[in-house]
Amino acid sequence: MIPFLDLKAQYTTIREEVNEAIQSVLDSCQFTLGREVEAFENEFAAFSGASFGVGVNTGTSALHLALLAAGVGPGDEVITVPFTFVATVAAIRYTGATPVFVDIDPVTFTMDPEAIEAAITPRSKVILPVHLYGQPADMDPIKAIARQHDLVVIEDAAQAHGAEYKGRRVGGLGDLACFSFYPGKNLGACGEGGMVVTNNPDYTRTLKMLRDWGAERKYHHELLGYNYRMEGIQGAVLRVKLRHLEAWTEARRRAAAHYNHIFDGSGVVTPKEMDWARHVYHIYAVRSPDRTAWQEVLLEHGIQTGIHYPFPIHLLPAHADLGYEKGQFPCSEQAAQEVLSLPMFPELTSDQRIEVAAAVKLLATQ
Ligand SMILES: *Cc1c(COP(=O)(O)O)cnc(C)c1O
(Lines give C-alpha, C1' and ligand atoms only; values in the text may rest on other atoms or scores of the structure.)
Protein backbone atom coordinates (compact mmCIF):
# COMPACT_ATOMS: atom_id res chain seq x y z
CA MET A 1 0.00 0.00 0.00
CA ILE A 2 1.30 3.45 -0.90
CA PRO A 3 -0.27 5.77 1.67
CA PHE A 4 -1.49 9.26 0.90
CA LEU A 5 0.52 10.48 3.88
CA ASP A 6 3.02 8.66 6.12
CA LEU A 7 3.56 10.41 9.44
CA LYS A 8 5.42 7.44 10.86
CA ALA A 9 8.09 7.65 8.17
CA GLN A 10 8.87 11.18 9.29
CA TYR A 11 8.80 10.48 13.01
CA THR A 12 11.25 7.63 12.50
CA THR A 13 13.85 10.01 11.07
CA ILE A 14 13.68 12.46 14.01
CA ARG A 15 12.55 10.20 16.81
CA GLU A 16 15.31 11.00 19.28
CA GLU A 17 15.18 14.75 18.83
CA VAL A 18 11.41 14.75 19.26
CA ASN A 19 11.49 12.46 22.28
CA GLU A 20 14.13 14.65 23.94
CA ALA A 21 12.10 17.78 23.28
CA ILE A 22 9.02 16.22 24.83
CA GLN A 23 11.01 14.97 27.81
CA SER A 24 12.42 18.45 28.42
CA VAL A 25 8.89 19.85 28.66
CA LEU A 26 7.85 17.07 31.00
CA ASP A 27 10.86 17.91 33.19
CA SER A 28 10.12 21.64 33.14
CA CYS A 29 6.36 21.15 33.66
CA GLN A 30 5.69 24.19 31.42
CA PHE A 31 2.75 22.45 29.85
CA THR A 32 0.99 25.45 28.37
CA LEU A 33 2.69 28.49 26.77
CA GLY A 34 6.07 28.91 28.49
CA ARG A 35 9.63 29.05 27.26
CA GLU A 36 9.43 26.57 24.38
CA VAL A 37 6.30 28.17 22.94
CA GLU A 38 7.86 31.62 23.15
CA ALA A 39 11.03 30.44 21.43
CA PHE A 40 9.00 28.76 18.71
CA GLU A 41 6.92 31.92 18.21
CA ASN A 42 10.08 33.92 17.61
CA GLU A 43 11.67 31.31 15.36
CA PHE A 44 8.57 30.69 13.25
CA ALA A 45 7.76 34.40 12.88
CA ALA A 46 11.33 35.01 11.68
CA PHE A 47 11.04 32.03 9.30
CA SER A 48 7.85 33.55 7.86
CA GLY A 49 9.27 37.03 7.41
CA ALA A 50 7.11 38.54 10.17
CA SER A 51 8.08 40.33 13.38
CA PHE A 52 5.71 38.65 15.84
CA GLY A 53 4.15 35.22 16.33
CA VAL A 54 1.31 34.26 18.66
CA GLY A 55 1.03 30.52 19.23
CA VAL A 56 -2.44 29.07 19.64
CA ASN A 57 -4.08 25.66 19.91
CA THR A 58 -5.25 25.22 16.27
CA GLY A 59 -5.15 26.89 12.88
CA THR A 60 -8.87 27.51 13.21
CA SER A 61 -8.26 29.48 16.43
CA ALA A 62 -5.52 31.42 14.63
CA LEU A 63 -8.06 32.48 11.98
CA HIS A 64 -10.72 33.29 14.58
CA LEU A 65 -8.36 35.49 16.60
CA ALA A 66 -6.79 37.19 13.56
CA LEU A 67 -10.29 38.22 12.45
CA LEU A 68 -11.17 39.47 15.94
CA ALA A 69 -7.87 41.39 16.19
CA ALA A 70 -8.71 43.03 12.86
CA GLY A 71 -11.94 44.22 14.48
CA VAL A 72 -14.30 41.89 12.59
CA GLY A 73 -17.71 41.29 14.14
CA PRO A 74 -21.43 41.08 13.43
CA GLY A 75 -22.49 43.19 10.46
CA ASP A 76 -19.07 43.00 8.81
CA GLU A 77 -18.27 41.12 5.63
CA VAL A 78 -15.15 39.07 4.95
CA ILE A 79 -14.26 38.29 1.34
CA THR A 80 -12.90 34.79 0.81
CA VAL A 81 -13.11 31.77 -1.50
CA PRO A 82 -15.54 28.83 -1.42
CA PHE A 83 -12.84 26.37 -2.53
CA THR A 84 -11.01 25.84 0.75
CA PHE A 85 -11.14 23.76 3.91
CA VAL A 86 -14.29 24.55 5.89
CA ALA A 87 -12.29 26.09 8.77
CA THR A 88 -11.62 29.27 6.77
CA VAL A 89 -15.33 29.99 6.58
CA ALA A 90 -16.24 28.64 10.02
CA ALA A 91 -13.77 31.05 11.64
CA ILE A 92 -15.43 33.99 9.89
CA ARG A 93 -18.82 32.85 11.14
CA TYR A 94 -17.57 32.45 14.73
CA THR A 95 -17.06 36.24 14.78
CA GLY A 96 -20.64 36.85 13.67
CA ALA A 97 -19.46 38.34 10.37
CA THR A 98 -20.71 37.22 6.96
CA PRO A 99 -18.45 35.41 4.51
CA VAL A 100 -18.73 36.82 0.98
CA PHE A 101 -17.38 34.45 -1.64
CA VAL A 102 -15.44 35.17 -4.81
CA ASP A 103 -14.45 32.43 -7.23
CA ILE A 104 -10.98 30.95 -7.65
CA ASP A 105 -8.68 31.09 -10.62
CA PRO A 106 -9.00 27.62 -12.17
CA VAL A 107 -5.25 27.24 -12.76
CA THR A 108 -3.92 28.26 -9.35
CA PHE A 109 -6.95 27.16 -7.25
CA THR A 110 -6.56 30.45 -5.33
CA MET A 111 -8.60 33.67 -5.15
CA ASP A 112 -9.22 35.32 -8.53
CA PRO A 113 -8.16 38.95 -7.93
CA GLU A 114 -10.38 40.12 -10.80
CA ALA A 115 -13.48 38.88 -8.98
CA ILE A 116 -12.87 40.87 -5.79
CA GLU A 117 -14.09 44.37 -6.76
CA ALA A 118 -17.62 43.13 -7.46
CA ALA A 119 -17.82 41.60 -3.96
CA ILE A 120 -16.88 44.79 -2.07
CA THR A 121 -19.63 46.62 -0.19
CA PRO A 122 -19.57 49.32 2.52
CA ARG A 123 -19.58 46.47 5.05
CA SER A 124 -16.43 44.78 3.72
CA LYS A 125 -13.68 44.68 6.31
CA VAL A 126 -11.22 41.94 5.40
CA ILE A 127 -9.97 40.06 2.35
CA LEU A 128 -8.98 36.51 3.33
CA PRO A 129 -7.13 34.69 0.53
CA VAL A 130 -6.12 31.05 1.02
CA HIS A 131 -2.71 29.78 -0.14
CA LEU A 132 -4.36 26.54 -1.16
CA TYR A 133 -2.30 23.36 -1.61
CA GLY A 134 0.87 25.31 -0.72
CA GLN A 135 0.90 27.85 -3.54
CA PRO A 136 0.49 31.53 -2.54
CA ALA A 137 -2.51 33.43 -3.83
CA ASP A 138 -1.67 36.30 -6.21
CA MET A 139 -1.07 38.76 -3.38
CA ASP A 140 -0.02 41.97 -5.18
CA PRO A 141 -3.38 42.69 -6.86
CA ILE A 142 -5.20 41.52 -3.72
CA LYS A 143 -3.20 43.94 -1.58
CA ALA A 144 -3.69 46.77 -4.07
CA ILE A 145 -7.49 46.36 -3.93
CA ALA A 146 -7.36 46.12 -0.13
CA ARG A 147 -5.35 49.32 0.13
CA GLN A 148 -7.73 51.14 -2.20
CA HIS A 149 -10.77 50.16 -0.09
CA ASP A 150 -9.08 50.31 3.31
CA LEU A 151 -9.47 46.58 3.98
CA VAL A 152 -7.31 44.33 6.13
CA VAL A 153 -5.63 41.36 4.43
CA ILE A 154 -5.45 38.10 6.39
CA GLU A 155 -3.59 35.20 4.79
CA ASP A 156 -4.85 31.67 5.39
CA ALA A 157 -1.40 30.07 5.19
CA ALA A 158 -2.44 26.83 6.92
CA GLN A 159 -1.15 24.79 3.95
CA ALA A 160 1.78 26.97 2.93
CA HIS A 161 4.61 27.05 5.52
CA GLY A 162 7.68 28.29 3.67
CA ALA A 163 5.90 29.07 0.40
CA GLU A 164 7.08 32.22 -1.37
CA TYR A 165 5.45 34.95 -3.43
CA LYS A 166 7.90 36.92 -5.57
CA GLY A 167 10.73 35.80 -3.32
CA ARG A 168 9.01 36.61 -0.04
CA ARG A 169 7.71 34.01 2.38
CA VAL A 170 4.00 33.82 3.05
CA GLY A 171 3.20 35.13 6.50
CA GLY A 172 4.74 38.55 6.02
CA LEU A 173 2.64 39.43 2.95
CA GLY A 174 -0.68 40.39 4.52
CA ASP A 175 -1.52 42.34 7.68
CA LEU A 176 -1.92 39.07 9.56
CA ALA A 177 -1.31 35.45 8.55
CA CYS A 178 -2.60 32.21 10.04
CA PHE A 179 -0.84 28.86 10.13
CA SER A 180 -1.95 25.40 11.22
CA PHE A 181 0.32 22.78 12.75
CA TYR A 182 -2.21 19.96 12.48
CA PRO A 183 -0.16 16.73 12.17
CA GLY A 184 -0.80 16.34 8.43
CA LYS A 185 0.33 19.87 7.52
CA ASN A 186 3.82 20.55 6.12
CA LEU A 187 4.92 21.51 9.63
CA GLY A 188 2.90 19.37 12.02
CA ALA A 189 2.75 19.11 15.80
CA CYS A 190 2.41 15.93 17.85
CA GLY A 191 -1.17 17.01 18.33
CA GLU A 192 -2.84 20.30 17.43
CA GLY A 193 -1.32 23.75 16.99
CA GLY A 194 -1.62 27.06 15.16
CA MET A 195 -0.09 30.52 14.97
CA VAL A 196 -0.88 34.04 13.88
CA VAL A 197 2.07 36.06 12.60
CA THR A 198 2.08 39.80 11.98
CA ASN A 199 4.34 42.85 11.87
CA ASN A 200 1.87 44.88 13.92
CA PRO A 201 2.58 45.18 17.69
CA ASP A 202 -0.99 46.28 18.47
CA TYR A 203 -2.46 43.21 16.82
CA THR A 204 0.11 41.11 18.69
CA ARG A 205 -0.94 42.49 22.06
CA THR A 206 -4.62 41.87 21.31
CA LEU A 207 -3.95 38.35 20.02
CA LYS A 208 -1.97 37.43 23.12
CA MET A 209 -4.81 38.63 25.31
CA LEU A 210 -7.53 36.91 23.28
CA ARG A 211 -5.83 33.51 23.36
CA ASP A 212 -5.58 33.60 27.15
CA TRP A 213 -8.94 34.78 28.47
CA GLY A 214 -8.60 38.40 27.39
CA ALA A 215 -6.19 39.32 30.14
CA GLU A 216 -2.66 40.67 30.07
CA ARG A 217 -2.36 40.26 33.82
CA LYS A 218 -3.96 37.29 35.51
CA TYR A 219 -7.62 37.95 36.43
CA HIS A 220 -7.60 41.44 34.85
CA HIS A 221 -9.92 40.41 32.01
CA GLU A 222 -10.24 43.32 29.59
CA LEU A 223 -11.62 41.45 26.58
CA LEU A 224 -13.90 38.48 26.05
CA GLY A 225 -11.09 36.00 25.55
CA TYR A 226 -10.73 32.30 24.88
CA ASN A 227 -8.64 29.38 26.02
CA TYR A 228 -6.68 29.03 22.77
CA ARG A 229 -3.19 28.65 24.28
CA MET A 230 -0.49 26.57 22.58
CA GLU A 231 0.81 23.64 24.62
CA GLY A 232 4.43 23.55 25.76
CA ILE A 233 5.01 20.11 24.23
CA GLN A 234 3.81 21.32 20.83
CA GLY A 235 6.10 24.36 20.97
CA ALA A 236 9.10 22.15 21.79
CA VAL A 237 8.29 19.58 19.08
CA LEU A 238 7.63 22.26 16.46
CA ARG A 239 11.01 23.91 17.21
CA VAL A 240 12.70 20.61 16.41
CA LYS A 241 10.66 20.10 13.25
CA LEU A 242 11.14 23.67 12.02
CA ARG A 243 14.84 22.92 11.70
CA HIS A 244 13.99 20.20 9.16
CA LEU A 245 11.25 22.04 7.29
CA GLU A 246 13.37 23.39 4.44
CA ALA A 247 14.77 19.93 3.69
CA TRP A 248 11.25 18.47 3.78
CA THR A 249 9.94 21.22 1.51
CA GLU A 250 12.72 20.56 -0.98
CA ALA A 251 11.86 16.84 -0.88
CA ARG A 252 8.21 17.70 -1.63
CA ARG A 253 9.30 19.92 -4.52
CA ARG A 254 11.49 17.14 -5.92
CA ALA A 255 8.60 14.69 -5.64
CA ALA A 256 6.31 17.13 -7.50
CA ALA A 257 8.93 17.70 -10.20
CA HIS A 258 9.26 13.94 -10.59
CA TYR A 259 5.48 13.48 -10.95
CA ASN A 260 5.39 16.38 -13.46
CA HIS A 261 8.21 14.84 -15.44
CA ILE A 262 6.47 11.47 -15.75
CA PHE A 263 3.14 13.11 -16.64
CA ASP A 264 4.68 15.38 -19.26
CA GLY A 265 2.89 14.88 -22.58
CA SER A 266 0.47 12.28 -21.15
CA GLY A 267 -2.57 14.54 -20.93
CA VAL A 268 -2.71 14.37 -17.13
CA VAL A 269 -3.63 17.84 -15.82
CA THR A 270 -0.90 18.60 -13.29
CA PRO A 271 -0.60 21.50 -10.82
CA LYS A 272 1.01 24.62 -12.26
CA GLU A 273 3.63 26.49 -10.25
CA MET A 274 3.22 30.14 -11.17
CA ASP A 275 6.23 32.30 -12.11
CA TRP A 276 5.78 34.27 -8.91
CA ALA A 277 5.50 31.27 -6.63
CA ARG A 278 7.55 28.85 -4.66
CA HIS A 279 4.97 26.10 -4.26
CA VAL A 280 5.46 23.89 -1.19
CA TYR A 281 3.13 21.10 -2.36
CA HIS A 282 1.14 20.44 0.76
CA ILE A 283 -1.15 18.83 -1.82
CA TYR A 284 -0.27 17.62 -5.30
CA ALA A 285 -3.65 17.53 -7.07
CA VAL A 286 -4.29 16.34 -10.60
CA ARG A 287 -7.63 16.94 -12.31
CA SER A 288 -9.95 14.59 -14.12
CA PRO A 289 -13.68 14.55 -14.84
CA ASP A 290 -13.43 10.85 -13.90
CA ARG A 291 -11.61 11.36 -10.63
CA THR A 292 -14.05 9.25 -8.57
CA ALA A 293 -13.43 6.27 -10.86
CA TRP A 294 -9.70 7.01 -10.81
CA GLN A 295 -9.69 6.99 -7.04
CA GLU A 296 -11.34 3.56 -6.92
CA VAL A 297 -9.00 2.02 -9.47
CA LEU A 298 -5.94 3.48 -7.74
CA LEU A 299 -7.07 2.07 -4.42
CA GLU A 300 -7.47 -1.36 -6.05
CA HIS A 301 -3.81 -0.98 -7.04
CA GLY A 302 -2.90 -0.19 -3.43
CA ILE A 303 -2.56 3.56 -3.95
CA GLN A 304 -4.26 5.84 -1.48
CA THR A 305 -5.44 9.27 -2.66
CA GLY A 306 -7.41 12.16 -1.18
CA ILE A 307 -9.91 14.78 -2.32
CA HIS A 308 -9.30 18.35 -1.22
CA TYR A 309 -12.16 19.21 -1.26
CA PRO A 310 -15.22 17.40 -2.65
CA PHE A 311 -17.68 20.24 -1.91
CA PRO A 312 -17.24 23.99 -2.27
CA ILE A 313 -18.25 25.64 0.99
CA HIS A 314 -21.22 27.53 -0.48
CA LEU A 315 -22.91 24.20 -1.31
CA LEU A 316 -22.44 22.62 2.13
CA PRO A 317 -25.54 22.19 4.31
CA ALA A 318 -23.75 23.89 7.22
CA HIS A 319 -23.58 27.12 5.21
CA ALA A 320 -26.81 26.89 3.23
CA ASP A 321 -28.19 29.80 5.25
CA LEU A 322 -25.77 32.12 3.44
CA GLY A 323 -28.16 31.76 0.49
CA TYR A 324 -25.73 30.83 -2.27
CA GLU A 325 -26.75 28.51 -5.09
CA LYS A 326 -25.17 26.04 -7.43
CA GLY A 327 -23.66 27.75 -10.47
CA GLN A 328 -22.52 30.92 -8.72
CA PHE A 329 -18.84 29.92 -8.52
CA PRO A 330 -18.26 27.66 -11.52
CA CYS A 331 -14.48 27.37 -11.18
CA SER A 332 -14.74 26.30 -7.54
CA GLU A 333 -17.58 23.91 -8.31
CA GLN A 334 -15.71 22.28 -11.18
CA ALA A 335 -12.49 21.99 -9.17
CA ALA A 336 -14.41 20.30 -6.35
CA GLN A 337 -15.63 17.69 -8.85
CA GLU A 338 -12.30 17.09 -10.57
CA VAL A 339 -9.39 17.30 -8.13
CA LEU A 340 -7.59 14.22 -6.89
CA SER A 341 -4.66 14.47 -4.47
CA LEU A 342 -1.86 11.98 -5.09
CA PRO A 343 0.42 10.65 -2.34
CA MET A 344 2.70 13.51 -1.29
CA PHE A 345 5.03 13.64 1.70
CA PRO A 346 8.77 14.26 2.01
CA GLU A 347 9.66 10.60 2.55
CA LEU A 348 7.76 9.37 -0.55
CA THR A 349 10.34 7.30 -2.43
CA SER A 350 11.23 7.51 -6.09
CA ASP A 351 9.88 3.98 -6.65
CA GLN A 352 6.59 4.90 -5.00
CA ARG A 353 6.32 8.00 -7.19
CA ILE A 354 6.95 5.99 -10.32
CA GLU A 355 4.32 3.43 -9.33
CA VAL A 356 1.71 6.10 -8.58
CA ALA A 357 2.42 8.10 -11.72
CA ALA A 358 2.39 5.03 -13.95
CA ALA A 359 -1.03 4.02 -12.65
CA VAL A 360 -2.44 7.53 -13.12
CA LYS A 361 -0.96 7.84 -16.58
CA LEU A 362 -2.59 4.59 -17.58
CA LEU A 363 -5.98 5.90 -16.43
CA ALA A 364 -5.50 9.14 -18.36
CA THR A 365 -4.79 7.35 -21.63
CA GLN A 366 -7.66 4.86 -21.39
C1 LIG B 1 -5.96 22.90 8.18
C2 LIG B 1 -6.57 24.16 7.70
C3 LIG B 1 -7.17 25.08 8.57
C4 LIG B 1 -7.46 24.77 10.03
O5 LIG B 1 -6.38 24.40 10.78
P6 LIG B 1 -6.60 23.45 12.07
O7 LIG B 1 -5.27 23.47 12.73
O8 LIG B 1 -6.98 22.10 11.58
O9 LIG B 1 -7.65 24.07 12.91
C10 LIG B 1 -7.62 26.27 8.06
N11 LIG B 1 -7.50 26.56 6.74
C12 LIG B 1 -6.97 25.69 5.87
C13 LIG B 1 -6.86 26.08 4.43
C14 LIG B 1 -6.48 24.46 6.31
O15 LIG B 1 -5.97 23.60 5.44
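Placed above this text is the structure.
Figured I'd write up the structure that's included with this text. Since the structure is predicted, the reported quantities are computational estimates derived from the model, not experimental observations.

## Considering the overall build of the protein chain
- Within the protein chain, the secondary structure is distributed over ten helices and twelve strands.
- Taken over the C-alpha trace, the protein chain has a radius of gyration of 20 Å; the compact-globule value for 366 residues is 21 Å, and the two agree within 12%.
- Principal-axis analysis of the C-alpha atoms places the extent of the protein chain at approximately 65 × 55 × 35 Å.
- The 366 residues of the protein chain split such that 57% are buried.
- Look at the contacts in the protein chain between residues 6 or more apart in sequence, and 71% of them connect residues 24 or more apart.
- Approximately 15500 Å² of the protein chain is accessible, and the part contributed by carbon and sulfur atoms is 51%.
- Charge separation in the protein chain, taken as the distance between the mean sites of 31 positive and 44 negative side-chain charges, equals 4 Å.

## Digging into the layout of surface pockets
- By volume, the largest pocket is sized at about 470 Å³.
- Breaking the lining of the largest pocket down by element, the ones donating at least two residues are helix H3 (59–69), helix H4 (86–94) and strand E8 (176–180).
- Taken together, the residues of the lining of the largest pocket break down into 13 nonpolar, ten polar and four charged.
- The two domains that each donate at least three residues to the lining of the largest pocket are domain 1 (7–102 + 110–242) and domain 2 (245–365).

## Description of the pairing of strand E9 (residues 194–198)
- Counting buried residues in E9 gives five out of five residues, a clear majority hidden from the surface.
- Neither face of E9 is left uncovered, since the one carrying Gly194, Val196 and Thr198 and the one carrying Met195 and Val197 both have all their residues buried.
- For strand E1 (residues 52–56) and E9, the ladder comprises five bridges, and the chain directions are antiparallel. Within E9, the position partnered with Gly55 by the bridge is Met195.
- Strand direction decides the pairing type here: E8 and E9, joined by five bridges, are antiparallel. Opposite Ser180, over in E9, you have Gly194 as the bridge partner.

## Quick look at the site of the ligand
- Around the ligand, 16 residues are found, and the nearest of them are Gly59, Thr60, Gln159, Ser180 and Lys185.
- A distance of 2.8 Å separates an oxygen atom of the ligand from a polar atom in the backbone of Gly59.
- Within the contact set of the ligand, an oxygen atom lies 2.6 Å away from a side-chain nitrogen or oxygen of Ser180.
- When isolated, the ligand has an accessible area of 380 Å², and the protein chains bury 93% of it.
- Judged by the proximity of its atoms to the pocket grid, the ligand belongs to the largest pocket.
- Among the residues forming the shell around the ligand, the class breakdown is six nonpolar, eight polar and two charged.

## What to know about the sheet that holds E8
- The seven strands lie next to each other as E1-E9-E8-E5-E4-E2-E3, forming an open sheet whose pairing is mixed. Lying at the two open borders of the sheet, with one neighbouring strand each, are E1 and strand E3 (98–101). Along the sheet, successive strands turn relative to each other by an average axial angle of 25°, direction set aside.

Procedures and definitions
- Residues numbered from 1 in each chain as written.
- Predicted model: local features only at pLDDT ≥ 70, side-chain atom pairs only at ≥ 80, totals over all residues.
- Heavy atoms only, no water.
- Helix = DSSP H or I, 4+ residues; strand = E, 2+ residues; numbered from the N terminus.
- Rg over C-alpha atoms; globule rule 2.2 N^0.38 Å.
- Buried < 20%, exposed > 50% of the residue type's maximum accessible area, 1.4 Å probe, protein only.
- Contact = heavy atoms within 4.5 Å.
- Areas by Shrake-Rupley, 256 points an atom, 1.4 Å probe, with all protein chains shown as cover.
- Lys, Arg positive; Asp, Glu negative; His and termini not counted.
- Charge placed at Lys NZ, Arg CZ, Asp CG, Glu CD.
- 1 Å grid on protein atoms, 1.4 Å probe; cavity = no way out; pocket = protein on both sides within 12 Å on 5 of 7 lines; lining within 4 Å.
- Points joined across faces, edges and corners; volume = space filled by probe spheres on them.
- Nonpolar A, V, L, I, M, F, W, Y, C, P; charged D, E, K, R; others polar.
- Domains from an automatic or database assignment.
- Pairing = 2+ DSSP bridges.
- Near = heavy atom within 4 Å.
- Polar contact = N/O pair within 3.5 Å; in protein donor to acceptor, adjacent residues only side chain to side chain.
- Sits in = over half its atoms within 2 Å of the grid points.
- Axes fitted to C-alpha atoms, helices over the stretch in contact; angles between N-to-C directions.

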